[in-house]
Structure formats: structure tokens, C-alpha cells
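Residue strings, one per chain:
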Amino acid sequence: MRHFKYEVIPALLVRLLRNKILLTSLVTIFVIAGMFPISIVAQPKEMTKLSSENAQIYVEVRDAFYADLDGDGLEDDVHTYIYLKLTGSKNFNFDYYLTLTLPSGHDFLFGWNIKTWNMNEIRLNSSLLDTALEPGWYHLHVEIILKTGGLAYIDEEHIFDPPGTGSSGSGARGFTEAW
């Protein structure tokens, strides 16, 4: 019979945590498995619906593009427009994540927790500074974990092409403006 030393287990966990695809898959499986029933339905105008009991969020990626948003003379920043429609509750609590994947496969992950009171729509404009570093097709992945009325998960994707060479910049930063 083979025995594992306790030092091996943390090393295995670190290795699993570094493998983003595996980690994302495992988290998604556990989140989805723990939230039955979930209603994810495609809506007109390419909006995606997320519901948890009576609370519902409709998600639409309206645009994503590159520009010089920080005034450094380089068009190496990405700006996103995300529209959320909120129904079924007066108050909402959800986590909002943006993952920007470059053509090379490098990921930038940004996340916020959002709480609302008496709102029925939100327009989220996110500026992801110093992230458009290479030419090619960029993949924007929007994820929402709704916590109002139980847990529910939804994601939406958008692919766009910011041409040019960009620059390595001084490190990615992101902020979101909501109204």
C-alpha cells in the first residue's frame, strides 16, 4: 500500500490552480451542479438571461474596441460596453468578471462585486488599460455570478480585432464605470 506525504497534496493543489482551463472547468462544474434549477435562455438582440428564483439579469455585450484611453500615446487599451437588464427584485448582488484573452493566449482577468438598489438596468463601461499588446483577434469573456435569491452563473462572449502592434506597457489596470 502506497502512502502520500502531506507535503505532496499542497504541491498538487498549486499545480491544479495554475492550470486555468482545468480550474475554470472545475469551478464551473461545481457552481452549476449546486444551483439547480438554472434558467439560461437566449433572448432577442443577443441578450442572455440569468435567473435565480425571481431575480433575473439579461446580459448583452454591446461593443469592445481598442483606443488610447490613458493618454500615453499608444492605442494599447481596451474599452468594453456591457448592458445589463435587471428584473424580478428590488436589490441585486452579483460578481462581475471580465477576462480578456489575447491572440497569444495570455489572459487578463478583472473582477468586481456589484450591489444595486432600485435599478432596472446598468450600462458597464470598462477600461482595461495596457491590455491590447498584440495584433489579432481578441476574446472578451463576461461572467456573472448572481447571488440574489440563490446562486446562478452566466457568461457571454465577444470576439474583436484591435489591429496594430501595441506595447508591453507598465502593467494592466482596469476600472468600470456604471450608471
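The rules behind each value
- Residues numbered from 1 in each chain as written.
- Predicted model: local features only at pLDDT ≥ 70, side-chain atom pairs only at ≥ 80, totals over all residues.
- Heavy atoms only, no water.
- Core = buried A, V, L, I, M, F, W, Y, C linked by side-chain atoms within 4.5 Å.
- Buried < 20%, exposed > 50% of the residue type's maximum accessible area, 1.4 Å probe, protein only.
- Contact = heavy atoms within 4.5 Å.
- Helix = DSSP H or I, 4+ residues; strand = E, 2+ residues; numbered from the N terminus.
- Pairing = 2+ DSSP bridges.
- Axes fitted to C-alpha atoms, helices over the stretch in contact; angles between N-to-C directions.

Enquirer: Describe the nonpolar core, with residues and values.
Expert: By size, the foremost hydrophobic cluster in this structure holds 30 residues, and its most contacted members are I57, I82, L84, F94 and Y96. Once residues within four sequence positions are removed from consideration, I82 is found in contact with V59, E60, V61, Y96, I122, R123, L124, L140 and V142.

Enquirer: Would you mind going over the environment of G111 in detail, with residue names and values included?
Expert: Of note, G111 is situated in strand β6 (residues 107–117). A residue is classified by how much of its surface remains accessible, and G111, at 42% relative accessible area, is partly exposed. Through-space distance from the C-alpha of G111 to that of D95 is 7.1 Å; in sequence the pair is 16 residues apart.

Enquirer: Go over the sheet that holds strand β5 (residues 91–101), please, and point to the residues and values.
Expert: In spatial order, the strands read β6-β5-β8-β9; together these four strands make up an open sheet with antiparallel pairing. Strands at the two margins of the open sheet, each flanked by one partner only, are β6 and β9 (152–160). Shown here is a sheet whose adjacent strand axes are inclined to one another by a mean of 15 degrees, direction ignored. Of the strand pairs in this sheet, β5 and β6 are connected by 11 bridges, and their pairing is antiparallel. If you follow L98 over to β6, its bridge partner there is F110.

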